[in-house]
Structures are given as structure tokens and as C-alpha cells.
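# Structural overview
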Amino acid sequence: MSFEFIDSHCHLDFSPFSENEGYYLQKAQEKGVSKFIVPSVNQSNWANVVSLSRQHESIYYALGIHPLFISNDHQSEVLSLTKFVSEHRDKCVAIGECGLDFWDKESNRDIQVDVFREQCLLAKIHQLPLIVHSRKSHDHVLKILREIKPEKGGVIHGFSGSFQQAEQFIQLGFYIGVGGVISYERAIKTKNAIAKIPLDKILLETDSPDMPLSGFQGKINTPDKVANLCDYLAMIRKESKQSIANVVYKNTTSLFGI
Ligand SMILES: [Zn+2]
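Here the residue numbers are simple positions, counted from 1 along each chain's written sequence. The predicted origin of the model limits local features to residues at a pLDDT of at least 70 and limits the giving and counting of side-chain atom pairs to 80 or more, whereas totals for whole chains, interfaces and linings rest on all residues. Each side-chain value is worked out from all heavy atoms of the structure, with water and hydrogens disregarded.

Short version of the rule: UniProt positions are given in the numbering used here, feature names are shortened, and annotations may be inferred rather than shown by experiment.
Per an unreviewed UniProt entry, the recorded name for the chain is DNAse, and the organism is Aliivibrio sifiae. What UniProt records for the chain under Sequence similarities (unreviewed entry) is the sentence "Belongs to the metallo-dependent hydrolases superfamily. TatD-type hydrolase family."

### Describing the UniProt feature "binding site: a divalent metal cation 2" (unreviewed entry) in the chain
Heads up, the rule is: For cavity detection a 1 Å grid was placed over the protein atoms alone, and a set of points counts as a cavity when a 1.4 Å probe fits there but cannot get out; an open set counts as a pocket when protein lies on both sides within 12 Å along at least five of seven lines, with lining residues being those that have an atom within 4 Å of a point. A run of H or I in DSSP becomes a helix once it reaches four residues, and a run of E becomes a strand once it reaches two; helices and strands are each numbered from the N terminus. Exposed residues in this analysis have more than 50% of their type's maximum accessible area, buried residues have under 20%, and partly exposed residues fall in between, with area computed by a 1.4 Å probe over protein chains only. The contact criterion used is simple: two residues touch if any of their non-hydrogen atoms lie within 4.5 Å.
What UniProt calls "binding site: a divalent metal cation 2" (unreviewed entry) maps, in this numbering, to His133 and His157. Maximum C-alpha separation among the annotated residues is 5.7 Å over a sequence range of 25 residues, consistent with a single clustered spot. From this annotated list, the subset lining the largest pocket comprises His133 and His157. Locating His133 in the fold gives a position in strand S5 (residues 130-135). Under the relative-accessibility criterion, His133 is labelled buried at 13%. Every residue in contact with His133, bar those within four places of it in the chain, is listed here: His66, Pro67, Glu97, Cys98, Gly99, Leu100, Asp101 and His157. Relative to the assigned elements, His157 resides in strand S6 (residues 154-157). The class for His157 is buried, based on a relative accessible area of 7%. Setting aside its immediate chain neighbours within four residues, His157 contacts His9, Glu97, Ile131, Val132, His133, Gly177, Glu205 and Asp207.

### Topic: the environment of Gln43
Position of Gln43 among the secondary structure elements: in helix H2 (residues 43-55). Judged by relative accessible area, which is 41%, Gln43 ranks as partly exposed. As a C-alpha pair, Gln43 and Arg186 span 143 residues in sequence and 36 Å in three-dimensional space. When near neighbours in sequence (up to four residues on either side) are disregarded, Gln43 contacts Glu77 and Ser80.

### Quick word on the UniProt feature "binding site: a divalent metal cation 1" (unreviewed entry) in the chain
Mapped onto the present numbering, the UniProt feature "binding site: a divalent metal cation 1" (unreviewed entry) falls at His9, His11, Glu97 and Asp207. Sequence-wise these annotated residues cover 199 residues; spatially they are packed, their C-alpha atoms never more than 11.1 Å apart. In the annotated group above, the largest pocket draws its lining from His11, Glu97 and Asp207. Topologically, His9 is positioned in the loop between strand S1 (5-7) and helix H1 (21-30).

### Structural notes on the layout of surface pockets
The method is simple in principle: a probe with the dimensions of a water molecule rolls over the atoms, and the space it marks as empty is what remains. Defined as follows: Grid points are joined across faces, edges and corners, and a volume is the space filled by probe spheres set on the points. Under the scheme applied here, ten amino acids are nonpolar (Ala, Val, Leu, Ile, Met, Phe, Trp, Tyr, Cys and Pro), four are charged (Asp, Glu, Lys and Arg), and all others, including Gly, are polar.
If you add up the space inside the largest pocket, you get close to 920 Å³. When contributions to the lining of the largest pocket are tallied by element, the ones reaching two or more residues are S5, helix H5 (138-148) and helix H7 (188-196). The residue makeup of the lining of the largest pocket, split by class, is 10 nonpolar, 13 polar and nine charged.

### A few points about the nonpolar core
As a reminder, the rule being used: Here, the term nonpolar core denotes a set of buried Ala, Val, Leu, Ile, Met, Phe, Trp, Tyr and Cys residues that are joined through side-chain atoms within 4.5 Å.
Ranked by size, the top nonpolar core spans 69 residues in total, and within it Leu12, Leu63, Phe116, Leu130, Phe169, Ile176 and Ile194 carry the most contacts. In terms of residues, this core owes the most to one element, helix H8 (residues 226-237), which gives seven residues. Look past the residues within four positions of Leu63 in its chain and what remains in contact with it is Ser40, Trp46, Val49, Val50, Leu81, Phe84, Val85, His88, Cys92, Ala94, Ile95 and Gly96. In terms of nonpolar packing, the next biggest core, distinct from the first, is built from 13 residues, Ala62, Ala94, Tyr175 and Leu203 among them.

### Considerations on the packing of aromatic side chains
As a reminder, the rule being used: Aromatic pairs are defined between Phe, Tyr and Trp rings, using the six-membered ring for Trp, whenever the two ring centres lie within 6.5 Å; interplanar angles under 30 degrees are classed as stacked, those over 60 as edge-to-face, and all others as tilted. Any Lys NZ or Arg CZ found within 6 Å of a ring centre and within 35 degrees of that ring's normal is scored as a charge over the ring.
Evaluation of the coordinates by the stated rule reveals four aromatic pairs. Pairing Phe3 with Phe5 gives two aromatic rings, centres 6.0 Å apart and planes at 5 degrees, and the pair type is stacked. According to the relative accessible area criterion, Phe3 is partly exposed, its value standing at 28%. The lysine or arginine in question, Lys225, covers the ring of Phe216, its NZ or CZ lying 4.5 Å from the ring centre.

### Structural notes on the pairing of strand S4 (residues 92-101)
Where we set the bar: Two strands pair under a simple rule: DSSP has to find at least two bridges between them. With the strands pointing away from the viewer, any crossover whose connection runs clockwise from the first strand over the helix to the second is right-handed.
Within S4, 10 of the 10 residues are buried, which leaves the element mostly enclosed by the surrounding structure. Of the pairings in the sheet, the one linking strand S3 (residues 59-63) to S4 comprises three bridges and is parallel in character. The partner of Ala62 across the bridge, within S4, is Ala94. Running through helix H4 (residues 109-126), the crossover from S4 to the neighbouring parallel element S5 is right-handed.

Below, the structure is given as C-alpha cells:
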């Protein structure tokens with residue numbers, strides 16, 4: 001048996017990893033994780049994710065503006081993103097991470113919606129998939145996706161929600177990004193959803209350095225944990241690890257064209 005995985009969402013440019021990515025990449029490769037998708041969060045790290053991908057063949061990047069990291073002048077940031085994407089297409093596999101985060105009721109929802117819509121349009125122009133962050137906002141995200149219809153779909157990253165919600169995203173051509181949440185006993189609703197959706201609509205992701213798995217709380221999360229996520233997924237779905245690893249690998253390469 002041999003397993004090959006892709007971490008479809010890890011922030012390898014963030015400080016716990018910086019200057020030491022080689023070590024974490026090797027640790028992950030020992031567990032079969034052979035490729036890594038590193039999304040950006042705003043203008044401040046677009047150049048960093050590009051440079052990481054030039055240093056390591058196994059790293060690909062996504063360019064976007066995260067809903068919680070929108071700058072004060074959001075219109076000019078969107079323009080900069082548009083320009084940056086057209087100048088850095090080589091290993092750019094998606095627009096993201098982008099989306100909506102309505103966890104904090106005080107947040108500026110109108111600006112988030114604006115910036116997300118612009119990025120959906122950008123994904124359409126470049127025929128790239130989207131890496132979508134959606135927290136307490138699934139219905140709003142669905143509405144925008146239905147309206148703009150980005151043909152290349154994307155992934156709802158770190159999905160947490162019900163089977164019905166997952167199904168609606170899948171109907172729009174999106175994959176469901178499964179992360180550390182499935183390792184927690186209390187995540188019953190999300191685990192039920194993940195057990196029922198088609199395997200060919202699932203991606204695995206760590207969201208490193210965030211989202212530590214159960215048993216690793218308080219520690220930095222690392223991309224080698226994709227292998228543990230496959231174990232959890234096999235348990236939840238009562239399917240073999242090998243078939244999960246094979247199908248999820250294929251899902252990821254086909255979505256991102258890698
Ligand atoms: Zn993330």
C-alpha cells in the first residue's frame with residue numbers, strides 16, 4: 001500500500017514555518033504528502049507565496065483577499081490583485097482565499113460581499129477555481145456563486161455545516177474541503193455531512209498552522225497531518241484508506257490542474 005496526498009490548504013508562508021519550510025515539507029513527504037497549495041490572505045503575502053513556489057517544486061499558490069484581512073482601501077486592493085494575478089499566472093492554481101466571514105456581527109458585510117464578488121469575477125476571467133472561506137455565511141456565499149456562476153468551481157475550505165449545505169455547494173460545482181474539524185467528537189453535524197457526500201467531491205486540507213487536530217490542541221498544525229485526516233475520513237465513511245487516498249488525490253489534481 002502506498003498513499004499519496006496533497007495538502008490543499010496550508011499557510012506555509014506564515015511565521016511558524018518561515019525560513020524552515022524545508023523541514024516541514026520533508027516531514028510531510030515522509031507521510032506521503034507530495035504537493036501543497038498555499039493560499040494568500042491579502043496584498044501583504046502575495047509575493048511571499050509566489051516566492052515559496054519558486055523555491056519548492058511541490059508548492060503551488062492561490063492569490064486572493066481573505067474576508068477578515070481586507071485593507072481600508074478595498075477597491076484599490078482589488079485592482080492590485082487583478083494586476084498581480086495577470087502577472088503571476090505560472091503556478092497560480094486558484095483565486096483565494098476569499099469569501100465571507102460573518103462570525104463577528106460587527107464586521108463590514110457589504111465590503112466583504114463586494115470584495116468576494118470581484119474575486120469570483122476574476123476567477124471567471126482567468127478560468128481558475130476559487131478557494132472559499134465561509135463562516136456563518138453559507139447562504140450568502142451560495143447566493144453570490146449562483147449569481148456569478150464561476151465555471152471552474154472551487155472548494156469550500158475547512159467546511160463545517162450540514163449535509164444539505166454541502167450538497168448545495170456541490171451542485172454549483174464545488175468540492176468540500178475537509179480539515180481538522182472531523183477529528184473532534186463534538187462535530188457531529190459536519191461528520192454526518194462528510195460521511196454522506198460523494199467521495200469524488202472531497203478534498204483534504206490542514207489549514208496549517210491553524211485548525212489543530214483533536215489531541216494536538218495548542219500545538220501548531222502541520223501539513224503531514226493530512227495523513228491523519230485520511231484515517232479519520234476512512235473511519236467516518238467506513239471506506240478503505242487506500243481508496244480514499246486515491247480518489248481525493250485525483251479530485252485535487254483535477255480541480256487545480258496540477
Ligand atoms: Zn486558510
